[in-house]
Amino acid sequence: MHYANTYLEKPVVPDVKITGEGTTDVLKCMLNTGSDIYQGACKKRGSTLKEEYKNASGTCYMDPRDMAKLGVNNWDTVLVKTDFGEVVLNCAVSRDAPHEGTVFVCKGPWANTIVSHDTYCCSDPTYKGIRCTVEKTDRKVLLMADLMRWVYKKYVDEEDDDVVENMDSLGELPVYHGRKWEELIDHDL
Amino acid sequence: MEYILKNGIVYDPANEVNGEKMDVMFKDGIIVDDVSADAEVLDVTDKIVMPAGIDPHAHVAGPKLVVGRLYRPEDSRRGVTQKTKVLRSESGFSIPSCPATGYRYSRLGYGTVVEAAMPPLEAKHTHEEIATIPQIDIPAMPLFGNNWFVMEYAKDNNIEDIAAFVAAWLKLTKGYGIKIVNPCGSEAWGWGMNVHGINDKAPYFDVTSKEVVVALAKANEMLNLPHSIHIHPNDLGHPGNVPTTIETMDCVKDVKKGSKAAEIRDQVMHVCHLQFHSYTGNSWKDAASGAEEVADYINKHDHITCDIGQVTLDETTTMTADAPMEYDLFKLSGLKWANKDIECETAAGIIPCIYSAKNPVNTLQWAIGLELFLHIDDPWKVCLTTDHPNAGPFTRYPRIISWLMSNTRRMEMIENREVHKWAEKRTTLATLDREYDFYDIATISRAAPARIYGFTDKGALTPGYRADIAVYDINPNDIDPSRQYAEIEKGFNVADYTIKDGQILVKDKEIVKVKESQNVWVNVQGWEKNEEKVINNIMPFFTQYYSVKWENYPVHDHYVSNPIRIDVDGK
Amino acid sequence: MTYEPPVTDYDHIVENCTCAFCGCNCDDLDYLVKDGHVVAVRHACRLGASKIMEDMDQRLIVPMIRDENGELKEVDWDTALDKAAEYIANSIRPVFYGWSETSTETMKEGVALGEYIGAVLDNQATICHGPSLQAVQNAGYPIQTLGEVQNRADMIAYSGSNAMNSHPRHMARYAVFCRGYFRQRGRFDRTVVTMDPKFSDTAKCSDKWIGFEQNGDYGFYNAIRAVLRGKELYQDVISGIPKEDIYELAEEMKNAEFGVLFFGLGLTHTLSKQRNIDIAIKMVQDLNKYSKWGLTPMRGHFNVNGFNIFMAFECGFAFGVDYCRGYPRYMMGETNTIDLLVRKEPDCFMVIAADPGAHFPNGANQHLADIPVIQIDIHWGPSTELADVVLPGSFIGVECAGTSYRMDGVPIFMKKAIDKPETCRDDEWIVRELKERVMKLREEPNTAPKYVPNPNAL
């Protein structure tokens, strides 16, 4: 059966070619989070385990001048740290640039590790306008299931972050014991 | 099940029963002449028995109410009560939650409450709330006075199409009758303006308020609707609005009542919350009462009925489909202002209001309401309302009854300066010593609203009617309401029994049973062809300028699971 | 993106379906159905289309419980419901969070369960427009339906909202490009201003972009208010905006015939939170002295407004309602989900039609790792990775009918177009079952022996 397809592996971003090592190892920035259309489409389709969600939500959108300072190109990885945690993200040129000094991460489990839970007594955490640092890294961006395991460790008996980060990946499909949809739904793809 | 209410003292104005000691019997939800020996006896010796109360004009369900609750948690907190094995928890004072609304009306001995303003586009919302309110029957009145289609037809004096439009919209919205609020004024509010007086035109529509009112009145009678047009005239709350009010009433005096409608009601126009429309003067500095003049018109004309909208001197929440007026109030008080414009149909405004007895204007409003009650001679022409929650919450009805029944109390309030001196300086209240008796009270809160709405199954203890009955723990032969006004208020505050459709909901002043509410709507028959034609004509416009699809516009049956449909022969 | 040919192989079309994505609740979608599956969608935006053309790989199909190894395992419905009911019945501080992507019919069962057991009921407003609701409670709420905007508005301002990305049809269907009764030329009859630190996609198609600095919203709106009230601005640059631009904008806003301010999470998520909205509401109120202005919060989920409306008429409060004392209590910052989780108060968490795993800060989510979590949803998401019981629901507006409320409060009946997978259940049924099972397990706590009226209401 022919289904209309809305899957897109990576968000479309402007080209950039940064050469050289950059001028700094650690860049101080302002972090904003929020949604964009790629993240929204992927999340609500339900494709949160997939590479697509990792790329839509786990990406740090930067001003190209900031990327030059760090010496990073589209889809390199960076480590973003705030007072509330740290996470490894892809980096890419922001479609909304210029906004030198500000980085944007779409909401999702990746952003959650670095935003403030402080509500200042008004129910809503502080998702925007947080000070952060961005640095180059060789670590990989985790897929959603692996990230959830790394952060919360709810169902693993391991406390060490590094060990959990390097466990076998849970992959891009649900892991459970039971019937799968292919067995249940009468279809013909 | 059969029941007999024994030895009560009955006030049933529709059957001219005035304080007679007699039994009232009902069987399977209906009042009957006679019951078998197996009937359960409810001893109500020397207690007042009346038909259950009917509130002809209150705001209890719909988008306005929700905005009020949403933005006034302080009001919700004021009325929280813990759940019991029978009752859900309650909240709210002036804008109670839905369960609280039903319970509180039931405790007052009420059985039917008319939701006075339903925007058709959001009628589904109103019906969702109606379904959440327990205990009472709730007809809802869709708004027509600023509807673009109606204004267009009125401009062309096309009464037949208006009638067809109304017939169709009552079906679509599951509504009861025609409500008009500040005709043309709420449309003008679309541009931040208002109309002034009844001869002003809505911007761009080239039609006056008067033309809209007359056209809708004619359409109403053409369809033989059980209720007349129900109008909130222009210039509400403005000093000097008496001429507008009188002209509004006068403009339909030559409209002929529908032949079938004439059998069940007397008026061709019901004016709501008349108190807000009876001010003289040019500004609040020199404002005074116009109650005498307005009442005089009503006394001399039989085509008008009214309800009062009595100010109760509480902190409350005002809400009306007269949005420009609410913005005027905001400019006066500076309290938080909410507004809600609804495309092609209406505009509502909401603002908290603190009616204080120390405030001259609020006292004036309080006195004018009472003056109207006392100046209008025929209690069949006037109904007890606070325009809940606009002039005060409905839970204050017993207090208003105590004021109406006691000149002593009224004079005490004036003379002891419990109210501002404007009460005697700018109104005639201090000169009025009329006191309502229980028969009059039963009229303004039961019989009159039933007749005005053309109900032929409630508002009286006639055999064959629904067994909607209230019993109050007051012995009319052993009380002097004039002196014992506090006992009157207390007695009417909680009914001894509230019986709805033969089910005992309140017993010994406690709610013992919770019943699902029912929506009451009017199904006009005989206009189907015209309705289809009108709908076809407006469809291109609807598709282009409404923000929902036609398929999503009507109130689906899903939302009115348990309606009472009144079939009306419109031809 | 590669070119895809249009889908032509379908059995029938279901017209006028309602989109179950954002607060626009577009009710004009056409679903192309083949063999009981939606194979394509017409009229929807990218977001709506992708939601309706769901990812079946991650569709929750069967009820599941965590086994002793921490792995989810399929069980039958009875076992799953009993387990979930047991968690709820044995808890003393349950929180039922979510509701914004299900119907008010489901909420009805939810509030009955919550009131019975004494739970906290909260929805996504708590992490999006909660501050807006708080501001509304401070300052007021001048709104209008979207059709009013379409027919009358000649000036549209988006503030802290990137409509092109989060409400993609908002501009086209309701606010900017569409033809209105008094705006026959559509886009050409309107001035569009976007106020956002980012040069967002919405800003790119606006007439004017006010790029105030990060956390500068409060100062900026105050400056406009000052100008509207005839005051002079002493600083040359306010919140990164030259004062001349502020004068010019204020003048334009005053001269609009009908203006509307749409505001989004850009205002609620920055440091000044509800105060930003406060001041924006007051600005709109001031503007009404000169012309007609209204505002509308850009609500995210298709029924996030519905939950607030629903709770308001059920119990008088919009969200964050705590029933633990047998009556509703509501206190911003105290009875809301994030605050409760950060304080580690809840001992059972039910998430329905929401995804805290994806949208709560870790500081809040950490507590979910310590307590039982029940999930009712249609897709395997980040929250599933934290869930102990998983109950697969059905898709409102596609597989199941229900009521939702648009961002402007217009109620929409979302109809059913296709059948749900046989092993799934309707949300309404699931919550009703839970309610009935909890009622059997535990007698109703916190009831008063007798009705006692609140003296303040007398």
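Residues numbered from 1 in each chain as written. Chains lettered and ligands numbered in written order. Predicted model: local features only at pLDDT ≥ 70, side-chain atom pairs only at ≥ 80, totals over all residues.

K.L.:
Tell me about the overall build of chain C, and name the residues and values.
P.N.:
Each helix and strand counted, chain C has 17 helices and 22 strands in total. Taken over the C-alpha trace, chain C has a radius of gyration of 23 Å; the compact-globule value for 458 residues is 23 Å, and the two agree within 12%. With respect to the three principal axes, the spread of C-alpha positions in chain C is 65 × 65 × 45 Å. Buried positions account for 66% of the 458 residues belonging to chain C. Taking all contacts inside chain C whose residues are at least 6 apart in sequence as the whole, residues at least 24 apart take part in 67%. (Helix = DSSP H or I, 4+ residues; strand = E, 2+ residues; numbered from the N terminus. Rg over C-alpha atoms; globule rule 2.2 N^0.38 Å. Buried ≥ 20, exposed ≤ 12 C-beta atoms within 10 Å, placed from the backbone. Contact = placed C-beta atoms within 7 Å.)

K.L.:
Run through the interface of chain C and chain A, naming residues and quoting values.
P.N.:
Every contact between the two is made by 77 residues of chain C and, on the other side, 63 residues of chain A. Top contributing element to the side of chain C that touches chain A by residue count: helix α1 (residues 46-52) of chain C, with 5 residues. Of the residues assigned to the side of chain C that touches chain A, the class counts are 31 nonpolar, 28 polar and 18 charged. Relative to strand β5 (residues 72-74) of chain C, strand β7 (residues 176-177) of chain A is paired through 2 bridges, and the arrangement is parallel. Bridge assignment links Y176 of chain A to a residue of β5 of chain C, and that residue is L72 of chain C. (Nonpolar A, V, L, I, M, F, W, Y, C, P; charged D, E, K, R; others polar. Pairing = 2+ DSSP bridges.)

K.L.:
Account for the domain arrangement of chain C, with residues named and values stated.
P.N.:
Residues and elements named next belong to chain C. Structurally, chain C comprises domain 1 (12-52), domain 2 (64-127 + 302-447) and domain 3 (130-297). Contact residues are listed per partner, giving 7 residues for domain 1 and 7 residues for domain 3. Residue composition of the side of domain 1 that touches domain 3, by class: 5 nonpolar, 1 polar and 1 charged. (Domains from an automatic or database assignment.)

K.L.:
Before we move on, can you summarise the interface of chain B and chain C with the specific residues and values?
P.N.:
Between chain B and chain C, the contact holds 55 residues from the first and 60 residues from the second. Taken together, the elements giving at least two residues each to the side of chain B that touches chain C come down to α1 (63-71), α2 (73-78), α4 (123-132) and β16 (337-342) of chain B. Element by element, the count of residues in the side of chain B that touches chain C is highest for α1 of chain B, at 7 residues. The residue inventory of the side of chain B that touches chain C, partitioned by class, reads 21 nonpolar, 18 polar and 16 charged. For β16 of chain B and strand β8 (residues 140-144) of chain C, the ladder comprises 5 bridges, and the chain directions are parallel. Bridging across to β8 of chain C, N339 of chain B finds its partner in P142 of chain C.

K.L.:
Could you give me a rundown of the sheet that holds strand β2 (residues 29-34) of chain C, with the residues and numbers involved?
P.N.:
Strands pair in a sheet through their backbones, by hydrogen bonds, and they do so in one of two ways: parallel or antiparallel. Residues and elements named next belong to chain C. Pairing is antiparallel across the open sheet formed by 3 strands, whose spatial order is β1-β2-β3. Where the open sheet ends on each side, the last strands, each with one partner, are β1 (12-17) and β3 (37-42). This sheet shows a mean twist of 30 degrees between the axes of neighbouring strands, independent of strand direction. With 5 bridges connecting them, β2 and β3 associate as antiparallel partners. Bridged to V33 within β3 is V38. (Axes fitted to C-alpha atoms, helices over the stretch in contact; angles between N-to-C directions.)

K.L.:
Can you lay out the nonpolar core for me, pointing to particular residues and giving the numbers?
P.N.:
Counting residues in hydrophobic clusters, the biggest one holds 397 residues, and the most contacted among them are V166 and L216 of chain B together with A280 of chain C. Look past the residues within four positions of V166 of chain B in its chain and what remains in contact with it is F144, I178, A219 and L223 of chain B. (Core = buried A, V, L, I, M, F, W, Y, C linked by C-beta atoms within 7 Å.)

K.L.:
So what about the packing of helix α14 (residues 397-405) of chain B against helix α18 (residues 485-493) of chain B? Which residues, and what values?
P.N.:
The relative placement of two packed helices comes down to the angle between their axes together with the axis-to-axis distance. Residue and element names in this part refer to chain B. Running from N to C, α14 and α18 point in directions that differ by 145 degrees, and their axes come no closer than 8 Å. Read as a crossing pair, α14 and α18 show a hand that is right-handed. Of the residues in α18, those touching α14 at P398, R399, I401, S402 and M405 are Y485, I488, E489, F492 and N493. (Left-handed = near helix turned anticlockwise from the far one by under 90°.)

K.L.:
Could you give an account of the pairing of strand β10 (residues 229-232) of chain B, with specific residues and numbers?
P.N.:
Residue and element names in this part refer to chain B. Of the two faces of β10, both are covered, the one formed by I229 and I231 as well as the one formed by H230 and H232. Pairing geometry for strand β9 (residues 179-181) and β10, over 3 bridges, is parallel. Bridge assignment links V181 to a residue of β10, and that residue is H232. Of the pairings in the sheet, the one linking β10 to strand β11 (residues 269-271) comprises 3 bridges and is parallel in character. Opposite I231, over in β11, you have V271 as the bridge partner.

K.L.:
So, the sheet that holds strand β4 (residues 85-93) of chain A: which residues are in play, and what are the values?
P.N.:
Residues and elements named next belong to chain A. Read around the barrel, 6 strands follow the order β1-β5-β2-β4-β3-β6 and close on themselves; strand pairing throughout is mixed. Direction aside, neighbouring strands of the sheet carry axes that sit 45 degrees apart on average. Sheet topology places strand β1 (residues 26-34) next to strand β5 (residues 102-106); 5 bridges connect them, and they run parallel. Bridge assignment links G34 to a residue of β5, and that residue is C106.

K.L.:
Describe the environment of Q518 of chain B, with residues and values.
P.N.:
All names here are of chain B. Among the structural elements, Q518 can be located in strand β23 (residues 518-525). When the C-alpha positions of Q518 and V24 are compared, they lie 24 Å apart, and in sequence the two are 494 residues distant. The contact partners of Q518, leaving out residues within four places of it in the chain, are D137, N562, P563 and I564.

K.L.:
Which residues make up the packing of helix α3 (residues 104-117) of chain C against helix α13 (residues 304-315) of chain C, and what values go with them?
P.N.:
All names here are of chain C. Running from amino to carboxyl end, α3 crosses α13 at an angle of 45 degrees, the nearest separation of the two axes being 10 Å. The orientation of α3 with respect to α13, classified from their angle, is oblique. For the element pair α3 and α13, the recorded crossing hand is right-handed. Mapping the contact onto sequence places T104, M107 and V111 in α3 and G306, F307, F310 and E314 in α13. Here the residues of the contact of α3 with α13 are counted per class, giving 4 nonpolar, 2 polar and 1 charged. (Parallel < 35°, antiparallel > 145°, perpendicular 65-115°, else oblique.)

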